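Fold and contact review
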Amino acid sequence: MTEPKRIIVALDFAAEAPALDLVARLTPSRCRLKVGKALFTRLGPAFVETLQARGFEVFLDLKFHDIPNTVAEACAAAADLGVWMLNVHVSGGARMIESARERLDRMIRPPLLVGVTLLTSLAKQDLTAIGCPGEPTERVLQLAELGHAAGLDGVVCSPLEAASVRAARGPDFILVTPGVRPAAASLDDQRRVMTPREALAAGADYLVIGRPITAAPDPVAALADIEDSLPM
Ligand code: C5P
């Protein structure tokens, strides 16, 4: 794809100061930012507004999963905040996703709506333990199909499943992949990973990358190294 901003930096910090220290060194023309549950619970919508005022597009990663009406209203609140992308858990079911879609379609500038298929921290044995035996890829494909039919713009999946989802769902379905690790980086708690270059080659549109950047001794250099590893 020709999208220049393929990297979404996950701002997984416990407080505002270190997050803003990093943000001050990043450029909105080169990356987007992801705000997740920890920082949002601590700092609220004002923090998202601060990032947007600095020119960044924000992926609000709150992974909504609730009854349809509650999720639809939560999505509307995120849209009012002006975020670029938001997400729900596909396992919340078709009616939950359809009601989020219908609610967002009434907004003037709806954010992209993507669905989490399987968390990239879950390995096959973890899935069995929560009552979902079988291959992760099969489950991801099933959830991607359900999400697509219910109106999602795309899904969040492991890069290991990106090629299968791309093949099944075609070129217009957005694929967001966390679980991305430069070759020399620590896996941390991720289990199903690929390098950034491999993830794009497999069909990912956007790469969510957290600790390989945020925990690096020089985060800006780490981001630049990752960009350099990607095809133009
Ligand atoms: O530090 P790391 O690169 O592992 O961060 C990945 C980010 O992507 C985290 O913010 C995590 O919450 C998020 N994420 C994930 N797996 C998903 C969806 C989101 O790891 N399926």
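As shown above, the structure is provided for reference.
The text that follows walks through the structure, step by step, so that each part is easy to find. For clarity, every value in this text was computed on a predicted model and none was experimentally measured. (Residues numbered from 1 in each chain as written. Predicted model: local features only at pLDDT ≥ 70, side-chain atom pairs only at ≥ 80, totals over all residues. Heavy atoms only, no water.)

1. Side note on the site of the ligand
Residues in close proximity to the ligand total 18 residues, the closest being Asp12, Lys34, Arg181, Gly210 and Arg211. Contacts to the ligand include Gly210, whose backbone N or O atom sits 2.8 Å from an oxygen atom. Between the ligand and Arg211, the relevant distance is 2.7 Å, taken from an oxygen atom to a main-chain nitrogen or oxygen of the residue. Starting from 470 Å² of accessible surface for the ligand in isolation, the protein chains cover 88%. Of all the elements in the fold, those that place two or more residues in the shell around the ligand are β3 (58-64), β8 (206-209) and α10 (211-214). Split by residue class, the shell around the ligand holds 9 nonpolar, 3 polar and 6 charged. (Near = heavy atom within 4 Å. Polar contact = N/O pair within 3.5 Å; in protein donor to acceptor, adjacent residues only side chain to side chain. Areas by Shrake-Rupley, 256 points an atom, 1.4 Å probe, with all protein chains shown as cover. Helix = DSSP H or I, 4+ residues; strand = E, 2+ residues; numbered from the N terminus. Nonpolar A, V, L, I, M, F, W, Y, C, P; charged D, E, K, R; others polar.)

2. A short note on the sheet that holds β8
Backbone-to-backbone hydrogen bonds join strands into a sheet, with any given pair of strands oriented parallel or antiparallel. Judged by pairing direction, the barrel is parallel, and its 8 strands sit side by side in the order β1-β2-β3-β4-β5-β6-β7-β8 before closing back on the first. In this sheet, neighbouring strand axes are inclined to one another by 25° on average, regardless of whether the strands run parallel or antiparallel. The pairing of strand β7 (residues 174-177) with β8 spans 2 bridges and is classified as parallel. Along β8, the bridge assignment pairs Val176 with Tyr206. (Pairing = 2+ DSSP bridges. Axes fitted to C-alpha atoms, helices over the stretch in contact; angles between N-to-C directions.)

3. Topic: the state of the cysteines
All chains considered together, the criterion is met by 0 disulfides. Here Cys132 stays unpaired: no disulfide links it, and the sulfur of Cys157, its closest cysteine neighbor, is 17 Å away. Relative accessible area serves as the criterion here: at 17%, Cys132 is assigned to the buried category. Look at Cys157 and you get buried, because its relative accessible area is 0%. (Disulfide = S-S within 2.5 Å. Buried < 20%, exposed > 50% of the residue type's maximum accessible area, 1.4 Å probe, protein only.)

4. Quick look at the packing of helix α4 (residues 68-81) against helix α5 (residues 94-105)
Viewed as axis vectors pointing N to C, α4 and α5 meet at an angle of 35°, and their least axial separation amounts to 8 Å. Considering only the axes of α4 and α5, their crossing is right-handed. Only Arg95, Met96, Ser99, Ala100, Arg103 and Leu104 of α5 make contact with α4, whose side of the interface consists of Pro68, Asn69, Val71, Ala72, Glu73, Cys75, Ala76 and Ala79. The class makeup of the residues in the contact of α4 with α5 is 9 nonpolar, 2 polar and 3 charged. (Left-handed = near helix turned anticlockwise from the far one by under 90°. Contact = heavy atoms within 4.5 Å.)

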